[in-house]
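# Results of the structural survey
Residue-level listing of the chains:
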Amino acid sequence: MDAPGAGYAFEHLIETLDDISPKKFFNVPKLGGAKYDALPYSIRVLLEAAVRNCDGFFMKREDVMNILDWKTTQRTVEVPLFPARVLLQDFTGIPAMVDFAAMREAVKTLGGDPKKVHPACPTDLTADHSLQIDFSKCAIQNAPNPGGGDLPKAGKLSPLRVPKKPPCRGQTPCRGPCDSGELGRASGTFSSQIENTPILCPFHLQPVPEPEAVLKNQEVEFGRNRERLQFFKWSSRVFKNVAVIPPGTGIAHQVNLEYLSRVVCEDQGLLFPDSVVGTDSHITMVNGLGILGWGVGGIETEAVMLGLPVSLTLPEVVGCELTGSCNPFVTSIDVVLGITKHLRQVGVAGKFVEFFGSGVSQLSVVDRTTIANMCPEYGAVLSFFPVDNVTLKHLEHTGFDKTKLESVEKYLQAVKLFRNEQSSSEPEYSQVTQMNLSSIVPAVSGPRRPQDRVAVADMKSDFQACLSEKVGFRGFQIAAERQKDVVRIEYEGSEYALSHGAVVIAAVISCTNNCNPSVMLAAGLLAKKAVEAGLRVRPYIRTSVSPGSGMVTHYLGSSGVLPYLSKLGFEIVGYGCSTCVGNTAPLSEAVLNAVKQGDLVTCGVLSGNKHFEGRLCDCVRANYLASPPLVVAYALAGTVNIDFQTEPLGTDPTGKDVYLHDIWPSREEVQRVEEEHVILSMFKALKEKIEMGNKRWNSLEVPDSILFPWDVKSTYIRCPSFFDKLTKEPAPVPPLEGAHVLLYLGDCVTTDHISPAGSIARSSAAAKYLTNRGLTPREFNSYGARRGNDAVMTRGTFANIKLFNKFIGKPAPKTIHFPSGRTLDVFEAAELYQKEGIPLIILAGKKYGSGNSRDWAAKGPYLLGVRAVLAESYEKIHKDHLVGMGIAPLQFLPGDSAVSLGLSGRETFSCAFPEGLAPGTALSMKTSTGKAFRVLAAFESDVDVTLFKHGGLLNFVARRFS
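Residues numbered from 1 in each chain as written. Predicted model: local features only at pLDDT ≥ 70, side-chain atom pairs only at ≥ 80, totals over all residues. Heavy atoms only, no water.

## What about the nonpolar core?
Within soluble globular proteins, side chains that are nonpolar generally end up buried alongside one another. We count it as follows: Each nonpolar core is a collection of buried residues, namely Ala, Val, Leu, Ile, Met, Phe, Trp, Tyr and Cys, held together in the definition by side-chain atoms within 4.5 Å. The rule is simple: take the accessible area with a 1.4 Å probe, protein chains only, and divide by the maximum for that residue type; under 20% is buried, over 50% is exposed, in between is partly exposed. Counting from the N terminus, the helices are DSSP H or I runs at least four residues long and the strands are E runs at least two residues long.
The biggest cluster of nonpolar side chains holds 187 residues, and the ones touching the most others in it are Met-103, Phe-798 and Tyr-848. Among the elements that line this core, the one with the most residues is helix α6 (residues 90-109), at 10 residues. Counting 78 residues, the second largest nonpolar core, distinct from the first, contains Val-444, Leu-587, Val-632 and Val-640.

Structure follows, in structure tokens:
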């Protein structure tokens, strides 16, 4: 599948880097002269990749020239891209690897050689999303996640055990953090290693165990997910170019930044810019390092792994000029939320954003990666920070070899990919927008959507307004006379009062923030000052810290703030997404009863970048994104219904009020601690950990076979049915005849509503399937962990409790089977339709498929029998996924909708696909009621049409191997 003779059309551009080094590179600036100099930096990266991979087949010379002529071809021309590498996280990585294993079976069935099926592009897979918070806080509460817990049938757990607490020279034993009296005398020497090596007690200089919650959660994780992990390990041995980062190392995007990123790649002496695509929306973080990268979902990623390019329409590039400087109370997260709101107002959906201006140099690399990470929330494909002196200093700080760093700088200078802040000229952008950093104020985002930004100073009045507003994106419609209701609960022997706005979940999680030591250290320093002031967090609040990697534990421990976080209940529970993907330990019965009794609008506060309704917990109705120190602050307050400027967090032992400004660490204090404790040795330790693995991972036994030995009894790994009807040649696309509407949906249906995610509800179709196979609810695990089983995932498609199907009239994972008139689970209705041979479509409004890119948001509907989606507009990534699964993305004409056309969804639909089907072809749709109207075939390229005619990308690729 490798492209033959890549780069041959532009061999005359190959030069030697210098007289000393034998390294070579394509001197692309010589191709375009002044035209090249006017290109945005991100487009220059695309151009270099096109030149290097130009083979006249996948990449044509006209593609190269179209990129060079970006100023006139943007928005109108589709070009291919060969990224340097691929990154998979395990929730989306496992279906990709299962598809590869299934494709080997299909190729063998068609008479081909299954050994040819392997990734052509270097691929890293991180096993990072399966962590659940079964144990949390210092007491190591055994609070299994719904559907989680001990799994006696999942396989024998590894022999590692949590070490006993050692005594400290005959004195009172250390308990993670020592006694509160000792905490006040912390010397800042608390240190930890990334692997299960003892931590030094900062007061007695004797070893104490790594936080028990980490070891216990990891132990359960390996037992619960043994089958999946064995499959991953088999994949890394059988498939070339596949490397697996084992569990307990860190989250995909953080490991990508700290370990996998190269900035400049080298292959057989040829230098070229690093670039990456992958199955995680946080891939965009690497753009803060000057590495072009974004998430494209599992289906397109599989194509890249097989040697095919990613296809993209040359985007507009919005230049965002940053000026001014931040005030002392603003964190990187405030900058992120400010830029998110600003760029949403500008309108950057489907575009690249590139930052320039004097304000850029004031932002550290971790600030930049935090900003770049949020670009999916304001709709951009990516947000790019070109490499500059700040980037080089960061690379040196993180352990880049000095010789390599010199060649990186020399190469980037040679191809004009290095941003010089003294340069008087900037690239020409599609449009330019300015933002003054001094205008940004501390803020949070919520209560339901990340784009709804609220200044911290306005939080109390805004929340009270939300209580009164009608139910919607902001409102909860609580009657005025009920807004001050209080429900008293008893918890651990004490009485507490819960009211609207009460915080019940406070989580510092891996997404967005933990890559930035400044905000994590700010949270730790805030916790230190709070403990010293005598403040505590109410024990019923579910608090946790789930870092993106052991690096965070390392610098939190080294700086001495970890014991204070633990003292407030913010115990490190492990390294994974946890709360971010709904894997939160259940709330106490006392809290749940109080919420139900008072119909309370309780709150979750988390330091992530997404909080769709119902994601954290179906009983937590208001969810806010906040920086890590604000997560701690709101946990201390116990409510979001507070004005930090005028109301105290609590009182000290003398009865004196303690306000947030009393304990908020200064920017100078945070920077001082960061410079002292975020050190080079941490990055070296992380690399050693990844390369050595761990005892649990290294001891996993895996089969030695070319084809995976599928276990028909397995409920985790199953050969999917995508290739069951595969033939050597594709048949003509059959017309839609008498298709029923499976679901009639409104606007802004997200992939969270479509794709299975979170815990498996006990009353769901997936639960019935697992129960019939002898599993108990404690053994269900999560949908994410079972993405390798298409039977579970199909049953979990459209199973979100917040799905609003207009046929039902209320949020519920239900629909109507019209031939019988019965209201059923979505899967059960689809199953009946398939038995009756009736094709299905989905009716939807605007922005169908927004949110995270998830391949199962397309694979699930395909397996349910959905042939087409008819919507007013689509999220591009999800639309690409529909095409990749052979589902037709149909679009109402401008101004038309199901409502304007008088469609009820109860009629049947018929539509033919002509042999000359092309992007944007107008098709005639007819209904059983006699209505006829035109719809657009919303394909974006001839490649899309080809894939659709093949029945999807997987069938297309499998036929190429057979």
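Having seen the structure, we can now continue with the description.
## A few points about the confidence of the model for the protein chain
The criterion, for reference: Values of pLDDT, ranging from 0 to 100, describe the predictor's confidence in every residue of the model. We call two residues in contact when some of their heavy atoms are within 4.5 Å.
Here the protein chain averages 84 in pLDDT, while 84% of its residues score no lower than 70. Considering only residues more than four positions removed or in separate chains, one finds that residues 1-5, a stretch of pLDDT under 50, has 12 contacts. Contacts of residues 137-210 to residues separated by more than four positions or lying in other chains number 180 contacts, the stretch itself having pLDDT below 50.

## With respect to the sheet that holds strand β4 (residues 85-89)
Heads up, the rule is: Each pair of strands is called paired provided DSSP finds at least two bridges between the two strands. To get an axis, a line is fitted to the C-alpha atoms, and for a helix only the part in contact is used. The angle between two axes follows their N-to-C directions and goes from 0 to 180 degrees.
On the basis of which strands lie adjacent, the open sheet formed by five strands has the order β10-β5-β4-β13-β14 and parallel pairing. One side of each edge strand has no neighbouring strand; the edge strands of this open sheet are β10 (242-245) and β14 (292-295). On average, each strand axis in the sheet is inclined to that of its neighbour by 20°, with strand direction left out of account. Summarising the sheet, strand β5 (residues 123-126) and β10 pair through four bridges and their orientation is parallel. Bridge pairing links Leu-125 to Val-244 in β10. Taken strand by strand, helix α11 (residues 297-305) contacts β4, β5, β13 (275-278) and β14, and its axis lies near 140° from that of β4.

## A few points about helix α32 (residues 942-949)
The following threshold applies: Summarising the geometry, the arc corresponds to the directions from the helix axis toward the C-beta atoms.
Within α32 the residues assigned to the buried category are Asp-944, Val-945, Leu-947 and Phe-948. For α32, the angular spread of buried residues about the axis comes to 165°, placing them on one side. Against α31 (876-884), β35 (888-892) and α33 (953-961) lie the buried residues of α32. Just beyond α32, the residue with positive phi is Gly-951, at close to 85°.

## Re the packing of aromatic side chains
Applicable threshold: Each pair of aromatic rings taken from Phe, Tyr and Trp, with Trp reduced to its six-membered ring, is defined by centres within 6.5 Å and is described as stacked if the planes are under 30 degrees apart, edge-to-face if over 60, and tilted in the remaining cases.
Using the criterion set out here, one finds 22 aromatic pairs in the structure. Taking 6.2 Å as the distance between ring centres and 45° as the angle between the ring planes, the aromatic pair formed by Phe-722 and Trp-856 counts as tilted. Taken together, the positions of Phe-722 in the loop between α25 (695-699) and β30 (736-744) and Trp-856 in helix α30 (residues 856-864) put the pair 134 residues apart, joining distant regions of the chain. With relative accessibility at 3%, the residue Trp-856 sits in the buried group. For the pair Phe-807 and Phe-818, a centre-to-centre distance of 4.9 Å together with 90° between the ring planes defines the contact as edge-to-face.

## Examining the sheet that holds β35
Spatial strand order, β30-β33-β34-β35-β38-β37-β36: seven strands in a closed barrel with mixed pairing. Ignoring which end each strand starts from, the neighbouring axes of this sheet average 40° apart. Direction of pairing for strand β33 (residues 840-843) relative to strand β34 (residues 866-871): parallel, over a ladder of four bridges. Counterpart to Ile-842 in the pairing with β34 is Val-869.

## With respect to the pairing of β13
In β13, alternate side chains face the same way, and those of Ser-275 and Val-277 on one face and Val-276 and Gly-278 on the other are all buried. Bridging between β4 and β13 involves three bridges; their strand directions are parallel. Paired with Arg-85 across the two strands is Val-276, which belongs to β13. Two elements, β13 and β14, share four bridges in a ladder whose sense is parallel. Residue pairing in the sheet places Val-276 in a bridge with Gly-293 of β14.

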